[in-house]
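This is what each chain is made of:
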Amino acid sequence: MTDAALAEAPPAWLAYGHPAWMIAALGLCLFAFRIGLSLRRAHRARRPPPRGARALHLRIAKTGVTLALVGAALGPLSVALLRDWTPMSSFHSLLGGIAALLFAGAAIQGRRLERGDNRARNAHALLGGAAVSIALAAAIAGFALLP
């Protein structure tokens, strides 16, 4: 590699940007999932939910899902621009794409639930649980891609 090419190359640490972003997003999504489970348990037991849990779930989930979806879009860019790999060509990207679709579906159902449509409750729970599970699998599969 020539000195000019080396000077134009992005710093190697940038390759850790997507994984760090997604760890933060997944952490928030896991926290929101935990709160959502407490809300679901309270609903099924016909008792009031923990104080402030619904508002906290909404705030954390909206932030976490937004970060996860932005991170899912930035992943292929990171691979193409920083690593010079073909985007969407790994098992990690397949799982990440599925998780992104599930997160988007959970968000749509969550919005319906937030607006008072209780018919969305089960779909929201299933999509949210599946999204978190597949995202964890994607994170594990991504370890093989770290520099």
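J.: I'm lost on the packing of helix α2 (residues 17-44) against helix α5 (residues 121-142) in this one. Help?
T.: Angle between the axes and distance between the axes: these two values describe a pair of packed helices. The geometry of α2 relative to α5 is characterised by a closest axis approach of 11 Å and an angle of 150 degrees between their N-to-C directions. One finds that α2 runs roughly antiparallel with respect to α5. For the crossing formed where α2 meets α5, the hand is left-handed. Together, Leu 26, Cys 29, Leu 30, Phe 33, Arg 40 and His 43 of α2 and Arg 121, Asn 122, Ala 125, Gly 128, Gly 129, Val 132, Ala 135, Leu 136 and Ala 139 of α5 make up the contact between the two elements.

J.: Quick question: what am I supposed to make of a nonpolar patch on the surface here?
T.: Judged by side-chain polarity, Trp 21, Val 70, Leu 74, Leu 77, Leu 81 and Leu 82 come together as a nonpolar surface patch covering roughly 520 Å² of accessible area. Here the element with the most residues in the nonpolar patch is helix α3 (residues 53-82); it accounts for five residues. Relative to the assigned elements, Leu 81 resides in helix α3. Among the residues examined, Leu 81 registers a relative accessible area of 64% and is labelled exposed.

J.: What exactly am I supposed to notice about the pattern of salt bridges here?
T.: Once their charged atoms are close, side chains differing in charge can pair, the charge on each being opposite to the other. One pass over the structure, following the stated rule, counts four salt bridges. Lys 62 is paired through a salt bridge with Glu 114; the nearest N and O atoms lie 3.1 Å apart. Of this pair, Lys 62 sits in helix α3 while Glu 114 sits in helix α4 (residues 91-114); the two residues are 52 residues apart in sequence, bridging distant segments of the chain. Arg 119 is paired through a salt bridge with Asp 117; the nearest N and O atoms lie 2.9 Å apart. The class of Arg 119 is exposed, set by a relative accessible area of 68%. Several salt bridges converge on common partners, so that one network encompasses Lys 62, Arg 111 and Glu 114.

What counts, and where the lines are drawn
- Residues numbered from 1 in each chain as written.
- Predicted model: local features only at pLDDT ≥ 70, side-chain atom pairs only at ≥ 80, totals over all residues.
- Heavy atoms only, no water.
- Axes fitted to C-alpha atoms, helices over the stretch in contact; angles between N-to-C directions.
- Helix = DSSP H or I, 4+ residues; strand = E, 2+ residues; numbered from the N terminus.
- Parallel < 35°, antiparallel > 145°, perpendicular 65-115°, else oblique.
- Left-handed = near helix turned anticlockwise from the far one by under 90°.
- Contact = heavy atoms within 4.5 Å.
- Patch = residues over 30% accessible without salt bridge, like charges linked within 9 Å, V, L, I, M, F, W, Y side chains within 5 Å.
- Areas by Shrake-Rupley, 256 points an atom, 1.4 Å probe, with all protein chains shown as cover.
- Salt bridge = Lys/Arg side-chain N within 4 Å of Asp/Glu carboxyl O.
- Buried < 20%, exposed > 50% of the residue type's maximum accessible area, 1.4 Å probe, protein only.

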